[in-house]
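Summary of structural features
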Amino acid sequence: MEDTITTEPMVRVTRLKKVYESSGRRVEAIGDVTFSVARGEFACIVGPSGAGKTTLLKCLAGLLQPTSGTVELEGTPVTGPPPGMAVVFQEYGRSLFPWKTVQQNIDLPLRQKGLPRPERERLTAEALTAVGLADVSRAYPWQLSGGMQQRVAIARAVAYEPHVLLMDEPFAAVDAQTRAELEDLVRSLWKTLGITTLFVTHDIDEAVYLGERVLVLSASPTHILEDVPVGLPVDRDQVTTRSTAGFAELRARVHRGIQDAKAGRQSTAQSIVGTAQ
Amino acid sequence: MTAPAYRHAVPEEATTMTTSTTSPARRTAARAGRRVLLALGLPVLLVVLWWIASANSTNYYFPPLSTILDWFRQLWLGNKFGSDVVPSLIRLFAGFAISVVLGVAAGVALGLTDALRRGAEPVLEFVRAIPPTVLVPVIAIFAGIGDSSKILVIVSGCVWPILLNTAEGVRAADEVMVDTCRSFGIRGFARLRHMVLPAAGPQIAAGLRQALSIGLILMVIGEMFAATNGLGFSIVQFQRTFAIPQMWSGIILLGVIGFVLSVVFNLVEKRALGWYQGQRESQKRNG
């Protein structure tokens, strides 16, 4: 019994396939995807644009029904959005409720969970402090900058106390500096809270910098080209980490994988084990 | 309290870019003053022109404005206020309120259920295409000439813009927001209350605005047919008895009521949909 609990992966995706069919057209978005993510792991999913990244994430989140294959969260098949998951969407402006204040935005999912008021207030305050927005709890999202809005969305996800945090290209719409800050924020949240995190991005540097592991997706119909363990130290820094040889090596390796994916070739680097410093 | 303070954060940043030295508060006051002047300028000018042009009028159909206003005071600020103006307004508000409840409820149902909407749409378009005024005598036949008949007339016209706008607003709910609700387990009544209705708010408000002006028209028309009191009834009575200044005074009162209703509507809308205005302004600022 204990054995199954400890060895059980947090997320297990088995032979996932998603085909869109509409008026005679048949688009195979996800071909055959199998992977699992261990409890507490930080995995990045990177792929060329049009690789079905969002489709894959929506299947993981239970927002889309796969054509075949299964997604399991802690051993339970995902058939709809599971309560143990929180999603941070790319379009923060459309994901936060503009008619609610920052605090109300974070509070609503907690209310739906049926948590008592003091508990909700504590979680909201803690989450806002964790993302560095304690002083704007009564502002409306549209009064904040894009980066701050995405922080609110992250706070909302964190306050929800998910077992798995899914992030769908969350920083694609913010400027480079804000992006670096948010990357460090997500890293530090992961370190302090230990939430299993799945981070989807098209940015190779971001994937390598953030993840403990990078899954490289092929072009559509998607399968996993490479599963790259990132051996970089846990404490990372935008300047030093990004200038190490290990980082460059991993970056090059993932990059080559993506190029191959674009060219439609099967990666030959599959057998090489990443041992970066 | 922190929210209003924060609201100034972006404009203040913007003002540091310019060399303007006046305080933001004083400039807002000046801007508000200019707006009031602009809004009042033309009406005041028109009234003055009317007053002067009609001052010595001996034309039976276009009496001097002073005579009309004199009647206005005697009639509408006198005992006709209680006997005709108040009943008319009560009918209008009752009709409008019923239309809001029916229109929003049916609109939400249609907006959320695709099959229902597609099935009902042709019928709705047909019913909507019938000018509500033609229903006035029909309604009088079966609903009598009492208040309920007048209210029914108002509802028969008001409900459609509310219903169709609500359905459209609900249907157009943002896909990301829908996914957000699903992933955070916000469903059922909570979803309706916290996402669907507020998201459709701006569109519902557009429907309400249309409905309000239609309601005012139908209030008058309903009372012009078989009625015993009310504004429409009074105006028709004056017209039939060739009490021309009195008739004009009633028409002016209708204009005033329409104007006041629109101002009140704007104030309520501004309060309820302040977020929408703010969001649009911030989007404009950020390009």
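Residues numbered from 1 in each chain as written. Chains lettered and ligands numbered in written order. Predicted model: local features only at pLDDT ≥ 70, side-chain atom pairs only at ≥ 80, totals over all residues. Heavy atoms only, no water.

A word on the side chain of Arg-156 of chain A
The cut-off we apply is this: A helix here means a DSSP run of H or I that spans at least four residues, while a strand means a run of E at least two residues long, and both kinds are numbered starting from the N terminus. Identification of polar contacts relies on pairs of N or O atoms within 3.5 Å, with a donor-acceptor requirement for protein atoms, meaning one able to donate a hydrogen and the other able to accept it, and with residues adjacent in sequence counted only if both atoms are side-chain atoms. Every residue pair with non-hydrogen atoms within 4.5 Å of one another is taken to be in contact.
Structurally, Arg-156 of chain A is set in helix H6 (residues 146-159). A distance of 2.7 Å separates polar atoms of two side chains, one belonging to Arg-156 of chain A and the other to Ser-95 of chain A. The residues contacting Arg-156 of chain A, other than those within four sequence positions of it, are Ser-95, Leu-96, Phe-97, Asn-105, Ile-106 and Pro-109 of chain A together with Thr-180 and Phe-184 of chain B.

As for the interface of chain B and chain A
Often, the extent of an interface is quoted as the loss of accessible area upon association of its parts. Threshold: Whenever a carboxyl oxygen of Asp or Glu lies within 4 Å of a side-chain nitrogen of Lys or Arg, that contact is scored as a salt bridge. By the convention adopted, Pro, Cys, Tyr, Trp, Phe, Met, Ile, Leu, Val and Ala count as nonpolar, Lys, Arg, Asp and Glu as charged, and the other residues, Gly among them, as polar.
Chain B puts 30 residues into the contact, and the matching count from chain A is 32 residues. Taken together, the connections running from chain B to chain A amount to three salt bridges. A salt bridge links Glu-175 of chain B to Lys-58 of chain A; its shortest N-O distance comes to 3.4 Å. For the interface between chain B and chain A, the tally reads nine residue pairs in polar contact (both at pLDDT 80 or more). Element by element, the count of residues in the side of chain B that touches chain A is highest for helix H9 (residues 175-183) of chain B, at eight residues. Of the residues assigned to the side of chain B that touches chain A, the class counts are 14 nonpolar, nine polar and seven charged.

Some thoughts on the nonpolar core
In globular proteins that are soluble, nonpolar side chains generally tend to be buried together. Under the convention used in this document: Only buried residues count toward a nonpolar core. Its members are Ala, Val, Leu, Ile, Met, Phe, Trp, Tyr and Cys residues joined through side-chain atoms within 4.5 Å. For every residue, the accessible area obtained with a 1.4 Å probe (protein chains only) is divided by the maximum for its type, and the residue is called buried under 20%, exposed over 50%, and partly exposed between those limits. The source of the domain bounds is an automatic or database domain assignment.
Ranked by size, the top nonpolar core spans 104 residues in total, and within it Ile-154, Val-214 and Val-254 of chain A carry the most contacts. Looking at which element gives the most residues to this core, the answer is helix H10 (residues 188-224) of chain B, with 14 residues. Of the domains in this structure, domain 1 (2-84 + 165-270) and domain 2 (97-161) of chain A are the two that each give at least three residues to this core. Other than its neighbours up to four places away in sequence, Val-254 of chain A contacts Val-46, Ile-204, Val-208, Val-214, Val-216 and Val-228 of chain A. Grouped together as the second largest cluster of nonpolar side chains are 33 residues, Ala-29, Ile-30, Val-71 and Leu-166 of chain A included.

Topic: the domain arrangement of chain A
Residue and element names in this part refer to chain A. Worth spelling out the cut-off: The quantity reported as buried area is the accessible area (1.4 Å probe) lost by two parts once they are put together, taken as the sum for both.
Annotation of chain A at the domain level lists domain 1 (2-84 + 165-270) and domain 2 (97-161). For domain 1 and domain 2, the distance between their C-alpha centroids amounts to 26 Å. Taken together, the contact between domain 1 and domain 2 spans 13 residues of the former and ten residues of the latter. Interface of domain 1 and domain 2: buried area, both sides summed, is about 900 Å²; carbon and sulfur atoms make up 76% of it. If you sort the residues of domain 1 by the area they bury against domain 2, Leu-182, Leu-185 and Leu-189 come out on top, with a joint share of 40%. The tally of links from domain 1 across to domain 2 stands at one salt bridge. Notably, a salt bridge pairs Glu-181 with Arg-151, separated by 3.4 Å at the nearest N-O pair. For the pair domain 1 and domain 2, the number of links is two residue pairs in polar contact (both at pLDDT 80 or more). Where the side of domain 1 that touches domain 2 is concerned, the elements lending two or more residues are strand E7 (164-168) and helix H7 (176-193).

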